[in-house]
Amino acid sequence: MTESNFNLNSISRRSFLRFGAGALGAAGALGLVACGGSSSAGSSAGSSAGSSADAGSSAAGDYTLVEPGKLTMISNFYYPPFVSMHEGSGEYEGFDVDIYKAICEKLGLEPNILPTVQFDTIVPTIKQGGKADVSIGAITITDERLEEIDFSDPYLDSNQAICVRTDATDTTAEALNAADVKVAVQSGTTGEAWVKENLPSATCVPLDDIIQCLTGVQSGLYQATVADLPVISYEIAIAYTDLMVPDGGEIPTGEQFGIVVSKDNPGLTAAINKALAEIESDGTQDSIEEKWFGEVISS
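Computed from a prediction, not measured in an experiment: that's the story for all the values here.

1. Topic: the overall build of the protein
Moving on, step 1. Scanning the protein from N- to C-terminus turns up ten helices and 15 strands.
Moving on, step 2. The 299 residues of the protein split such that 55% are buried.
Moving on, step 3. Considering only residue pairs separated by 6 or more positions, the protein has 74% of its internal contacts joining residues 24 or more positions apart.
Moving on, step 4. Summed over its atoms, the accessible surface of the protein is roughly 11600 Å², and 47% of this surface lies on carbon and sulfur atoms.

In structure tokens:
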């Protein structure tokens, strides 16, 4: 996808308000995940500084890297405007790609982005180690995931949404919860978890990416899809004008996005948290938000 000045005025702004660490603790466990399982977000998302092997270092502590001098990242690059591939150049781009590159700059590391992977392989890959140091791409912090890997501090919030054709008559969760309804979801995401929990009578159809889901709804193959609200709204605005988020279609899940890091690399988590704080305080994140969303959405 090309760079967008997509404006979020059409999206409920509360979907993007960021919680601080204290607010997260006060709010307690949150609901579903954006790109993940069905566990709630936990206040222990950030990992404390620690030490590991001596392949890298920062003021936050020592950390290891798959390739010295590089911060190697994996993601599923079919999730615009967060992570995608430029239609012309094939270069990786998006809000999260720019956040990642800003972190690399703060850490004095070279960006090293690997080819796209299936979303449900990300956590196992980071947990196993040896291939990538981090993953970023609208990945929600959940208690379930925190059992397997660490997350950075949260850097953005989001809700989910139901998406249907503009000429659809069945647009509510109640209407879609029927035996003759097929709902497409990206495999391993909150959409899948939410549909299975809340639309048990419908057929949940897991697919590789959100573009397949939206195209399937557009063609009439599926009656609906469920995914992150900003992603659906972005795609409706630039490509899928015959799709819509119906009245009442926003699902207030209050999710928080974080960067995935191995539990064996706490020093890297601490260094990333420091970099995130710096890009927030110096205005870098505001600039990236304006670039991709048309306005600052996290203040």
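2. Structural notes on the packing of aromatic side chains
Moving on, step 1. For the coordinates displayed, the defined rule picks out six aromatic pairs.
Moving on, step 2. Taking 5.4 Å as the distance between ring centres and 90° as the angle between the ring planes, the aromatic pair formed by Phe82 and Phe257 counts as edge-to-face. Of this pair, Phe82 sits in the loop between β3 (70-74) and β4 (84-85) while Phe257 is found in strand β14 (residues 250-257), placing the two residues 175 residues apart along the sequence. Each member of the pair Phe82 and Phe257 is classed as buried.
Moving on, step 3. Plain terms: the ring middles of Phe95 and Phe293 are 5.2 Å apart, the flat faces sit at 45° to each other, and that makes the pair tilted. Here Phe293 lies in helix α10 (residues 284-293) and Phe95 lies in helix α2 (residues 95-107), a separation of 198 residues in the sequence. One exposure class covers both Phe95 and Phe293, and it is buried.

3. Topic: the sheet that holds strand β8 (residues 150-151)
Two modes of strand pairing occur in sheets, parallel and antiparallel, and in both the strands are linked by backbone hydrogen bonds.
Moving on, step 1. Reading across from one edge, β6-β3-β7-β15-β8 is the order of the five strands in this open sheet, with mixed pairing throughout. The outermost strands of the open sheet, each flanked by one partner alone, are β6 (110-113) and β8.
Moving on, step 2. Where strand β7 (residues 134-135) and strand β15 (residues 260-261) come together, two bridges link them in antiparallel fashion. Bridged to Val134 within β15 is Val261.

4. Some remarks on the pairing of strand β11 (residues 203-207)
Moving on, step 1. Both strand β10 (residues 182-186) and β11 contribute to a ladder of five bridges, which runs parallel. When the sheet's bridge partners are listed, Ala184 is paired in β11 with Val205.
Moving on, step 2. With respect to chirality, the unit in which β10 leads through helix α6 (residues 190-198) into the neighbouring parallel β11 is right-handed.

5. Comments concerning α2
Moving on, step 1. Here α2 is 13 residues long and its end C-alpha atoms lie 19 Å apart, about the 18 Å a rise of 1.5 Å per residue gives.
Moving on, step 2. Most of α2 is tucked away: ten of the 13 residues are buried.
Moving on, step 3. When we look at burial in α2, the residues that qualify are Phe95, Asp96, Val97, Asp98, Ile99, Tyr100, Ala102, Ile103, Cys104 and Leu107.
Moving on, step 4. Gly108 occupies a position one or two residues after α2 and carries a positive phi of about 70°.

6. Some points on the pairing of β10
Moving on, step 1. In terms of burial, β10 is a largely internal element, four of the five residues being buried.
Moving on, step 2. For β10 and strand β12 (residues 224-228), the ladder comprises two bridges, and the chain directions are parallel. Looking across to β12, one finds that Ala184 is bridged to Thr225.

7. Remarks on the packing of α2 against helix α9 (residues 266-281)
Moving on, step 1. Taken N-terminus to C-terminus, the directions of α2 and α9 make an angle of 105°; their axes are 9 Å apart at the nearest point. Considered as vectors, α2 and α9 are oriented roughly perpendicular to each other. The segment α2 lies against α9, with Ile99, Ala102, Ile103, Lys106 and Leu107 engaging Ala271, Ile272, Ala275, Leu276, Glu278 and Ile279.
Moving on, step 2. Its residues assigned to classes, the contact of α2 with α9 shows nine nonpolar, no polar and two charged.

8. Some points on α10
Moving on, step 1. Within the span of α10, buried status applies to Gln285, Ile288, Glu289, Trp292 and Phe293. Taken end-on, α10 shows its buried residues confined to a sector of 100°, consistent with a single buried face.
Moving on, step 2. Contacts from the buried residues of α10 go to β5 (92-93), α2, β9 (156-165), α8 (229-238) and α9.
Moving on, step 3. Looking one or two residues beyond α10, the residue adopting positive phi is Gly294, at roughly 80°.

9. A short note on the pattern of salt bridges
Moving on, step 1. Per the counting criterion, the structure on display carries eight salt bridges.
Moving on, step 2. A salt bridge links Lys106 to Asp282, with the shortest nitrogen-to-oxygen separation between them at 2.6 Å. Here Asp282 lies in the loop between α9 and α10 and Lys106 lies in helix α2, a separation of 176 residues in the sequence.
Moving on, step 3. We classify Lys106 as partly exposed; its relative accessible area is 36%.
Moving on, step 4. Residue Lys263 pairs with Asp150 through a salt bridge whose shortest N-O separation is 3.4 Å. Placement of Lys263 in the loop between β15 and α9 and of Asp150 in strand β8 is noted, with a sequence separation of 113 residues between them.
Moving on, step 5. Looking at Lys263, the relative accessible area reads 37%, which means it is partly exposed.

Definitions and cut-offs
Residues numbered from 1 in each chain as written. Predicted model: local features only at pLDDT ≥ 70, side-chain atom pairs only at ≥ 80, totals over all residues. Heavy atoms only, no water. Helix = DSSP H or I, 4+ residues; strand = E, 2+ residues; numbered from the N terminus. Buried < 20%, exposed > 50% of the residue type's maximum accessible area, 1.4 Å probe, protein only. Contact = heavy atoms within 4.5 Å. Areas by Shrake-Rupley, 256 points an atom, 1.4 Å probe, with all protein chains shown as cover. Phe/Tyr/Trp six-rings, centres within 6.5 Å; stacked < 30°, edge-to-face > 60°. Pairing = 2+ DSSP bridges. Right-handed = clockwise from strand over helix to strand, strands pointing away. Expected span 1.5 Å × (residues − 1). Axes fitted to C-alpha atoms, helices over the stretch in contact; angles between N-to-C directions. Parallel < 35°, antiparallel > 145°, perpendicular 65-115°, else oblique. Nonpolar A, V, L, I, M, F, W, Y, C, P; charged D, E, K, R; others polar. Arc of directions from axis to C-beta. Salt bridge = Lys/Arg side-chain N within 4 Å of Asp/Glu carboxyl O.

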